[in-house]
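Listed here are the chains, written in short residue letters.
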Amino acid sequence: MALRTQRLRDPVHGLIVFEENDDLGQLAWRLINTPEFQRLRRVKQLGVSEFVFPGAVHSRFAHSIGVFHVARELVRIIEREATAARPFDHNRAEVAIIAALLHDLGHGPFSHAFEGVQMSRGVGKRHEEWTAELIRNPDGGVCPLLEGYRAGTTEEVASLLAAEDPIDIYHAVVSSSFDADRLDYLRRDRLMTGTGAGAIDFDWLMEHVRVADIVIDAPEGDTEEDTITVATFCLDLKALPAAEQFLLSRYTLHEQVYLHKTTRCIEAMIGTLLRRIATVAVDPDRASVQTGLEASQVLLRFFAPGGETIENYLALDDSAITGSLEKMRRGDDPVVAELAARLRERRLYKALDISRFGSDIGKQRQAARRIDRTFREKIDSGAVIKDESASVGIYTPIGGDEDKMHKKLHILDASGPREITEMSKIVEALASKRQFTRYYFADAADRDIAINRR
């Protein structure tokens, strides 16, 4: 079959081109057409955010292609910044670009909500582990293409994505404070949600990206022998105002979009529904009647003992849940039936943010203790959901951060790379995480009681 140039129109990046004479681009095009990657069309990038922002229906499929496009631009910067001491590694660069394309392959339905359910059950793998497993699967569509391109590429890509600590600049393409993932989702999510705040000066930032060594592990004594450094993306001093805006954009999107109280409420409701289905699915003889689902439905297959297989996971997507709500609402289990009906009709639990009781932390904690006492039985039963896992800070990604040095943004001045909070009072002020505590009430009258009882 003759190769030909392929083009995709993207609302963020414009035309994304896969040239016929570019072997890596043609590999990427074939990977995009695997069943594993096509599944990402059916997994929304922002999960349930469309309940709040109706335009936020873009998929992880579109996002992943955007990340691939940005990764190619970052690799060009690495090549531009290459030196005799740090020569450009063509093979490693190709691995980074393909890893960027495949980085979200293992996301489940409603992504972080689903993963939270699995973690709470103590049986689940994180999406990064699913991604590595899907890439390494010899019977899947991805591994044969990678090995056909160059022997050993499969393991190189999977290992790069799984690595928590960087060993070179190519790791920064997929995991750093300025990686391809962030550079796509910040622009894409802002566009698709219609959020006015959070714009970034992308072109100016990319123009001023540099490569420099930062210290990621310093010794406790005076000796420098054990100091560990790694090359990462830094920004020239001219880009400091744009860098501030870049981090403020992340902060704004987390505060206004990702951690929106209604979004978190719906995620909590879906989590409660899925945990209940998982509990019921343990008894295959009763599961179908209790949930209203056919025994062959993928949720029951996946949550059944021994059901967490690659085949079942690939069949899981957002539509597996949303398309089954009508049947679930007719199940015998009252929790499944009520939650399915509520989600289908958008009859949501009523949210109460503890900040309603003022900005004083002591008063907020006092109010939380009172609500906990008053609604202890309903919290235990799920009629009231307490959510205290959300926090936002200048470096906070979705799901929390480990505050590793390579995840922080560095600015180059005459003395070398400096972490941006040392140079920006604006960023320093937002460096500490702000915790959210919220309650979601099935009965609106209960929320009124929680608000008004002093």
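Everything below is about the structure printed above this text.
Residues numbered from 1 in each chain as written. Predicted model: local features only at pLDDT ≥ 70, side-chain atom pairs only at ≥ 80, totals over all residues. Heavy atoms only, no water.

Student: Explain the layout of surface pockets here, please?
Tutor: Once rolled over the atoms, a probe with the size of a water molecule shows which space is left empty. Counted as a void, the second largest pocket has a volume near 340 Å³. Grouping the constituent residues of the lining of the second largest pocket by class yields 4 nonpolar, 4 polar and 6 charged. (1 Å grid on protein atoms, 1.4 Å probe; cavity = no way out; pocket = protein on both sides within 12 Å on 5 of 7 lines; lining within 4 Å. Points joined across faces, edges and corners; volume = space filled by probe spheres on them. Nonpolar A, V, L, I, M, F, W, Y, C, P; charged D, E, K, R; others polar.)

Student: Which parts of the structure should I look at to understand the side chain of R438?
Tutor: With respect to the helices, strands and loops of the structure, R438 is situated in strand β9 (residues 434-441). A distance of 3.0 Å separates a polar atom in the side chain of R438 from a polar atom in the side chain of D353. Among all residues touching R438, those that are not within four sequence positions of it are L259, H260, K261, R264, L352, D353, I385, K386 and D387. (Helix = DSSP H or I, 4+ residues; strand = E, 2+ residues; numbered from the N terminus. Polar contact = N/O pair within 3.5 Å; in protein donor to acceptor, adjacent residues only side chain to side chain. Contact = heavy atoms within 4.5 Å.)

Student: Would you take a moment to explain empty space enclosed by the protein for this structure?
Tutor: Tallied over the full model, the rule gives 1 cavity of 30 Å³ or more. Looking at the largest cavity, its volume works out to about 40 Å³. If you go around the largest cavity, the residues you meet are G106, G108, S111, F114, E115, K125, H127, W130 and Y313. Listing elements by their share of the lining of the largest cavity, those giving two or more residues are α5 (112-121) and α6 (127-136). Taken together, the residues of the lining of the largest cavity break down into 3 nonpolar, 4 polar and 2 charged.

Student: Honestly, helix α8 (residues 153-162) in this entry has me stumped. Any pointers?
Tutor: Along an α-helix, residues three or four apart share an orientation, since each turn contains 3.6 residues. Every buried residue of α8 is accounted for by T153, T154, V157, A158 and L160. Angularly, the buried residues of α8 cover 160 degrees about the axis, an arc narrow enough to put them on a single face. As for α8, its buried residues are in contact with α4 (90-102), α6, α7 (142-149) and α9 (169-174). (Buried < 20%, exposed > 50% of the residue type's maximum accessible area, 1.4 Å probe, protein only. Arc of directions from axis to C-beta.)

Student: Help me understand the packing of aromatic side chains in this model?
Tutor: The relative placement of two aromatic rings is captured by the distance of their centres and the angle of their planes. Counted by the stated rule, this structure contains 14 aromatic pairs. Between the aromatic rings of Y185 and Y258, the centroid separation amounts to 6.1 Å while the plane-to-plane angle is 75 degrees, which identifies the pairing as edge-to-face. In this pair, Y185 is assigned in helix α10 (residues 180-193) and Y258 in helix α12 (residues 240-258), connecting sequence segments 73 residues apart. For the pair formed by Y185 and Y258, the shared burial category is buried. Between F375 and F441 the ring centres are 5.4 Å apart and the planes differ by 75 degrees, which places this aromatic pair in the edge-to-face class. Residue F375 is located in the loop between α20 (361-374) and α21 (376-381), and its partner F441 is located in strand β9; the two are separated by 66 residues in the primary sequence. Judged by its relative accessible area of 0%, F441 is buried. Three or more aromatic residues joined by ring pairs make a cluster, and in this case those are F114, W130, F302, F303 and Y313. Above the face of the F61 ring, R41 is positioned so that its terminal group lies 3.9 Å from the ring centre. It is K125 that lies over the ring of W130; its NZ or CZ is 3.7 Å from the centre. (Phe/Tyr/Trp six-rings, centres within 6.5 Å; stacked < 30°, edge-to-face > 60°. Lys NZ or Arg CZ within 6 Å of the ring centre and 35° of its normal.)

Student: Help me out: how do you make sense of the packing of helix α3 (residues 60-80) against α10 in this one?
Tutor: Two measures define how a pair of helices packs: the angle their axes make with one another and the distance between the axes. Where α3 meets α10, the axes come as close as 8 Å, and the angle between the chain directions of the two elements is 125 degrees. Between α3 and α10, the interaxial angle falls into the category oblique. Pair α3 / α10 crosses with right-handed handedness. Across from A62, H63, G66, V67, V70, A71 and L74 in α3, the residues of α10 making contact are A180, D181, L183, D184, Y185 and R188. A breakdown of the residues in the contact of α3 with α10 according to their chemical character gives 8 nonpolar, 2 polar and 3 charged. (Axes fitted to C-alpha atoms, helices over the stretch in contact; angles between N-to-C directions. Parallel < 35°, antiparallel > 145°, perpendicular 65-115°, else oblique. Left-handed = near helix turned anticlockwise from the far one by under 90°.)

Geometric descriptors of this kind do not, in isolation, establish any biological role.
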